[in-house]
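Each chain, written out:
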Amino acid sequence: MAQRRPASPSPRPDAGHAVVIGGGMAGLLATGVCAQHFLRVTLVERDVLDDTVATRRGVPQGRLLHALLPGGLRIIEQMFPGYSRALETAGAVPIHVPGDILMLLPPGWADRRASGWTTLSASRPLLELMVRVRVRANARVQLLDGHDVTGLRADRGGTVRGVAVRSIAAHASGTLDADLVVDAAGRASRAPAWLEELGASAPPETVVDPDIAYACQVLRIPRGLDVDWKALMLLSRPPVVPRTGYLFPIESGHWMASLMGAAGQHPPTDPEGFMTFARSLRHPILADAIAGAEPVTPARAHRGTANRLRHYERVAMPDGLVVLGDAACAFNPVYGQGISTAAIAARTLDECLRRRRRQAGDELGLTGLAAKFQRRLARRNGGAWLLSTGEDLRFPTTTGGRTTAGTRLLHRYVDRVAAASTREPGAADAYARVIGMLSRPTSLFAPGVVAAALRARTTEPSAPPPRAPDEAPAVGVHRTGRTR
């Protein structure tokens, strides 16, 4: 993914009011963007928010493992300089991929000599809190927590002019006028129904459901642990083995163990069942690691993780309303794309607002913004959607999608790239950059990667590869600070 270029002229927030619905990562990042373009921004959130690291009702997936991929981390750092340092100070763990991680791909273990990338591993509440404290510190932002948005307000021409809100505790209702409403309410977004109430069309939906369920548990990392890895990723091997297991360090000296099962093979949450499922993964290393770890929390389950794409780019969007984050495009979380796609959406909104301001002679020109933004967002989400749904369609029980001859051909090629990634650092680096949302999936068709794929052999070694020695040369793209 290309680095963001400085925009010119810079935004001048001298007028206007924006309302953002939803205080999750997508809403917080959108609020940060809007604060650069509007005099006032009101962030409306159902939950009561504080400055503690705690899961909350509005983010039921908050207890699950979350990946802050480098593609998203770079954007957040650009929006909030110092975010990475503060996150690490709060306990987030730097991880180099693949040097610090044992990654069992479908054809074998990923080559750990690749240049790869470094990111930070932490719990979802900590990742969110470090953004929220920065958003709240902005004098242009008002946080209206404990409130629910119950509908849109529009003028006779159909332009959205604000929202209706309700205090959950006081049961009192009111309205907020707005020049722009940003719906970042997640999977529970009511924007399709609201559009119909305004006489517009609800967007068509595409749902691809691999029937995946999760079970996650926080454990204390055993003292004196002597291993050459920081994290484990044991991927499924569809269609034969639909079970996946991750083990990542988070703050406070803890591990987050995450077990995932597709095609109806769902992990249990009772201690014996959880461990039995871990033992059923493609390698015993994860089960062996957590067998000696002290549980900090019980295992918790989560479902409702289908890929869901609402095609707002295909309907006539009223001016004054944009929809982003999971409210527009939600992914199966196993691929860790959610936070990074939310960051990409926020950057896309920023680009559209800047462009509109330039076109309007440095005024806040919003006419036509909504339609333009939704079309651009759909294109930006395309690669992540292709990756997520393409992999999920490997399971024959997946519903909502169709496996075509082209899909099967793509699967065979990606399998060969993955096989090359087990033996060739250059191929492993290209593969890792796509996973990290630093490069587009089309980068896997670069000549060097194609040549490696043609040479690939699909064998699965029994022993994980050791960490590459410090003197091993970096291969491929710029090396991004491997942590030792």
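Summary of the structure given here.

### Some words on helix α2 (residues 70-79)
Phase 1: Taking burial as the measure, the 10 residues of α2 include 7 buried ones, the bulk of the element.
Phase 2: Along α2, the residues classified as buried are Pro70, Gly71, Gly72, Leu73, Ile75, Ile76 and Met79.
Phase 3: Packed against the buried residues of α2 are α1 (25-34), α3 (83-89), β6 (117-121), α4 (124-136) and α8 (338-359).

### Description of unusual backbone geometry
Phase 1: In this structure, the amide linkage connecting Val97 to the following residue, Pro98, adopts the cis form with an omega of 10 degrees.
Phase 2: Within the secondary structure, Pro98 sits in the loop between β3 (93-97) and β4 (101-105).
Phase 3: Between Pro238 and Pro239 the backbone carries a cis peptide bond, its omega angle lying at 0 degrees.
Phase 4: Position of Pro239 relative to the elements: it lies in the loop between β14 (231-234) and β15 (243-250).
Phase 5: Phi at Asp211 is positive, roughly 55 degrees, even though this residue is not glycine.
Phase 6: Locating Asp211 in the fold gives a position in the loop between β12 (205-208) and β13 (213-220).

### Here's the deal with the pattern of salt bridges
Phase 1: For the structure on display, the rule yields 23 salt bridges.
Phase 2: Two residues, Arg376 and Glu351, come together in a salt bridge whose shortest N-O distance is 4.0 Å. Residue Arg376 is found in helix α9 (residues 369-392), and its partner Glu351 is found in helix α8; the two are separated by 25 residues along the sequence. Here the two residues Arg376 and Glu351 agree in accessibility, since each one is buried.
Phase 3: Close ionic contact of Arg455 with Glu424 constitutes a salt bridge, the shortest N to O distance being 2.6 Å. Of the two residues, Arg455 is situated in helix α12 (residues 447-455) and Glu424 in the loop between α10 (405-420) and α11 (425-435); the sequence distance between them amounts to 31 residues.
Phase 4: Residue classification places Glu424 among the partly exposed residues on the basis of a relative accessible area of 23%.
Phase 5: Residues joined by salt bridges that share partners form a network here, namely Arg46, Asp148, Arg166 and Arg190.

### Overview of the packing of aromatic side chains
By convention here, two paired aromatic rings are described through the distance between centres and the angle between planes.
Phase 1: By the definition in use, this model includes 4 aromatic pairs.
Phase 2: Ring centres 6.3 Å apart and planes at 70 degrees place the aromatic pair Tyr246 and Phe248 in the edge-to-face group.
Phase 3: Among the residues examined, Tyr246 registers a relative accessible area of 9% and is labelled buried.
Phase 4: Arranged with centres 6.3 Å apart and planes meeting at 55 degrees, the rings of Phe331 and Trp385 form a pair that is tilted.

### A word on α1
Phase 1: Within α1, 10 of the 10 residues are buried, leaving the element largely enclosed by the surrounding structure.
Phase 2: Buried residues of α1: Met25, Ala26, Gly27, Leu28, Leu29, Ala30, Thr31, Gly32, Val33 and Cys34, and no others.

### Overview of the side chain of Gln374
Phase 1: Note that Gln374 resides in helix α9.
Phase 2: Gln374 has contacts with Tyr312, Glu313, Met317, Val322 and Val323, leaving out every residue within four places of it along the chain.

### Describing the sheet that holds strand β19 (residues 307-310)
Phase 1: Reading across the sheet, the 3 strands line up as β12-β19-β21 and stay open at both edges, with antiparallel pairing between neighbours. Of all the strands in the sheet, the pair left with one neighbour each is β12 and β21 (329-330).
Phase 2: Direction of pairing for β12 relative to β19: antiparallel, over a ladder of 4 bridges. Along β19, the bridge assignment pairs Val208 with Asn307.

### Overview of the state of the cysteines
Phase 1: Overall, the coordinates contain 0 disulfides when judged by the stated rule.
Phase 2: The structure places no disulfide on Cys34, whose sulfur is separated from the nearest cysteine sulfur, that of Cys352, by 12 Å.
Phase 3: Under the relative-accessibility criterion, Cys34 is labelled buried at 0%.

### Focus on the pairing of β3
Phase 1: In terms of burial, β3 is a largely internal element, 5 of the 5 residues being buried.
Phase 2: Bridge count for β3 against β6 is 5 bridges, and the pairing is antiparallel. By the bridge assignment, Ile95 is partnered in β6 with Thr119.

### A few points about the environment of Thr397
Phase 1: Tracing the backbone shows Thr397 in the loop between α9 and α10.
Phase 2: Residue classification places Thr397 among the partly exposed residues on the basis of a relative accessible area of 43%.
Phase 3: C-alpha of Thr397 to C-alpha of Gly264: the two residues are 133 residues apart in sequence and 8.5 Å apart in space.
Phase 4: The contact partners of Thr397, leaving out residues within four places of it in the chain, are Asp209 and Ala263.

### Considering the sheet that holds strand β20 (residues 321-323)
Phase 1: Read across the sheet, 5 strands follow the order β7-β2-β1-β11-β20 without closing on themselves; strand pairing throughout is parallel. A single partner strand is all that each edge strand has here, and the edge strands are β7 (141-145) and β20. Each strand of the sheet is rotated relative to its neighbour by a mean of 20 degrees, with strand direction disregarded.
Phase 2: Bridge analysis of strand β1 (residues 17-21) against strand β2 (residues 40-45) gives 5 bridges, and the strand direction is parallel. Bridging from a neighbouring strand, Ile21 pairs with Val44 of β2.

The rules we used
- Residues numbered from 1 in each chain as written.
- Predicted model: local features only at pLDDT ≥ 70, side-chain atom pairs only at ≥ 80, totals over all residues.
- Heavy atoms only, no water.
- Buried < 20%, exposed > 50% of the residue type's maximum accessible area, 1.4 Å probe, protein only.
- Helix = DSSP H or I, 4+ residues; strand = E, 2+ residues; numbered from the N terminus.
- Contact = heavy atoms within 4.5 Å.
- Salt bridge = Lys/Arg side-chain N within 4 Å of Asp/Glu carboxyl O.
- Phe/Tyr/Trp six-rings, centres within 6.5 Å; stacked < 30°, edge-to-face > 60°.
- Pairing = 2+ DSSP bridges.
- Disulfide = S-S within 2.5 Å.
- Axes fitted to C-alpha atoms, helices over the stretch in contact; angles between N-to-C directions.

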